[in-house]
Amino acid sequence: MLRIHFTADDLARTRVSGAAGAAAETGHALDQLLCRDVPVGFRPWRRELLGRLGGSAGRPGRDGPREPLRPMMSLVPGPGRGLDLRALAGSAPAIEAGVEHLLTVPDTVLRLELEHLPLPRAEPGWLRALTDGDQDARRLLAGSLDACYRTLVEPYWHRIRGHLDAVRADYARTVLDGGVERLLETLCPALVRWRSPVLEVRFPRDAEIRLNGRGLVLAPSVFLAGRAELLTDLRDEAAPPVLGVPALRDPLAAAAFWEDREPGRNALGALLGRTRAAALDVVAGGCSTGELARRLAISPAAASQHAGVLREANLITTRRRGGAVLHSITPLGADLLDLGGDR
């Protein structure tokens, strides 16, 4: 049992993260892929995925579509014991930002994350180079994270973002109606119990955490199932801990979440035009104009034009960050994708 002790200041500073982030969802998806007894709600996703990858889940393989996934797969010792990818790759909704974060995170942080894990499937020479700060080894890991996201998560990312937006809105309504304590009471009854001023969390070991005024960040995750996780910032002891909780709590709803929605996609294409509908789908994961052009195999000028039309329709927003133009989906755009997906 994990016991998290709150003060009045902690309750005031408790907040909800919009999402665990693309990298963290990828880590949780790897847990589900490699789990021997996958929860029933994730079996449709896993079955479809293994059909594309071929073979059994437990063998990374050294050729074909599995090869790019192998480095990340070798760093998953078991459910709930993998790398803290939120700490290593951040919580950005775009995997490109996560990969960049992973490439620049200090060697000491990566070493701290690796040294306590039993990793019998990792190639010893590569693992040693990774902990010694070898940049080629780091780039191999970053490339594998990107490949895992593209294979395991990206095909469903617009659904994931839409569902997490809905979960966050539900949390907000709960806080408005009954305050933060009501949110803690209803957060995830199967795993979490609020006994003021202590939050009790079902956990594989006994632990006591005193927030001491830092507050707590609640991070719902679609691929996190049957357990909660506590993440702490190894570089900043003053940062609030993050409590990851399942966003799909009902097994039947989780199983329906992965259903094929291609007929609805065709209807959305008829409404917006196929390229523009595909652009909205890409922007749902967050992207720059250059990334949008690359993903759609069109010119940057054409990508900018499609983004402009979607922005005028209030389906996406655009902002500048440094020299890049970044696009994000709006709630209206996410709703349209969900409707187009026959959700």
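Residues numbered from 1 in each chain as written. Predicted model: local features only at pLDDT ≥ 70, side-chain atom pairs only at ≥ 80, totals over all residues. Heavy atoms only, no water.

**Quick word on the pattern of salt bridges**
All chains considered together, the criterion is met by 14 salt bridges. Across the salt bridge formed by glutamate 200 and arginine 193, the nearest N and O atoms sit 3.0 Å from each other. Three or more residues are tied together by salt bridges with common partners; here these are Arg3, Arg193, Glu200 and Glu208. (Salt bridge = Lys/Arg side-chain N within 4 Å of Asp/Glu carboxyl O.)

**Focus: the sheet that holds strand 11 (residues 324–329)**
Where strands meet in a sheet, backbone hydrogen bonds hold them as pairs that are either parallel or antiparallel. Spatial strand order, 9-11-10: 3 strands in an open sheet with antiparallel pairing. Each having just a single partner strand, strand 9 (287–288) and strand 10 (316–321) make up the two edges of the open sheet. As paired elements, strand 10 and strand 11 share 6 bridges and run antiparallel to each other. Bridged to threonine 317 within strand 11 is serine 328. Across the sheet, helix 13 (residues 274–283) lies against strand 9, strand 10 and strand 11, angled at about 95° from strand 11, the strand it touches most. Here helix 15 (residues 300–312) sits on the sheet in contact with strand 10 and strand 11, set at roughly 120° to strand 10. (Pairing = 2+ DSSP bridges. Helix = DSSP H or I, 4+ residues; strand = E, 2+ residues; numbered from the N terminus. Contact = heavy atoms within 4.5 Å. Axes fitted to C-alpha atoms, helices over the stretch in contact; angles between N-to-C directions.)

**Here we look at unusual backbone geometry**
In this structure, proline 197 follows serine 196 across a cis peptide bond, with omega equal to 10°. Tracing the chain through its elements places proline 197 in the loop between strand 3 (192–195) and strand 4 (198–201). The phi dihedral of asparagine 212 falls on the positive side, at around 50°, and the residue is not glycine. Its location among the elements puts asparagine 212 in the loop between strand 5 (207–210) and strand 6 (217–221).

**Focus on the nonpolar core**
Core analysis: the biggest nonpolar cluster contains 81 residues, and Trp45, Leu75, Leu199 and Leu243 have the highest contact counts within it. The residues contacting leucine 243, other than those within four sequence positions of it, are Leu187, Leu199, Val201, Leu216, Val217, Leu218, Ala219, Ala228, Glu229 and Leu230. In terms of nonpolar packing, the next biggest core, distinct from the first, is built from 18 residues, Val283, Ala284, Leu296 and Ala303 among them. (Core = buried A, V, L, I, M, F, W, Y, C linked by side-chain atoms within 4.5 Å. Buried < 20%, exposed > 50% of the residue type's maximum accessible area, 1.4 Å probe, protein only.)

**A closer look at the sheet that holds strand 7 (residues 229–231)**
The strand order across the open sheet formed by 4 strands is 2-6-8-7, and the pairing between neighbours is mixed. Strands with a single pairing partner mark the edges of an open sheet, and in this sheet they are strand 2 (15–16) and strand 7. For strand 6 and strand 8 (residues 242–246), the ladder comprises 5 bridges, and the chain directions are parallel. Bridge assignment links leucine 218 to a residue of strand 8, and that residue is leucine 243. Running at roughly 145° to strand 6, helix 10 (residues 157–186) makes contact with strand 2, strand 6 and strand 8 of the sheet.

**Some thoughts on the environment of alanine 8**
Among the secondary structure elements, alanine 8 is positioned in helix 1 (residues 8–13). Taking the C-alpha atoms as reference points, alanine 8 and proline 197, separated by 189 residues in sequence, lie 8.7 Å from one another.

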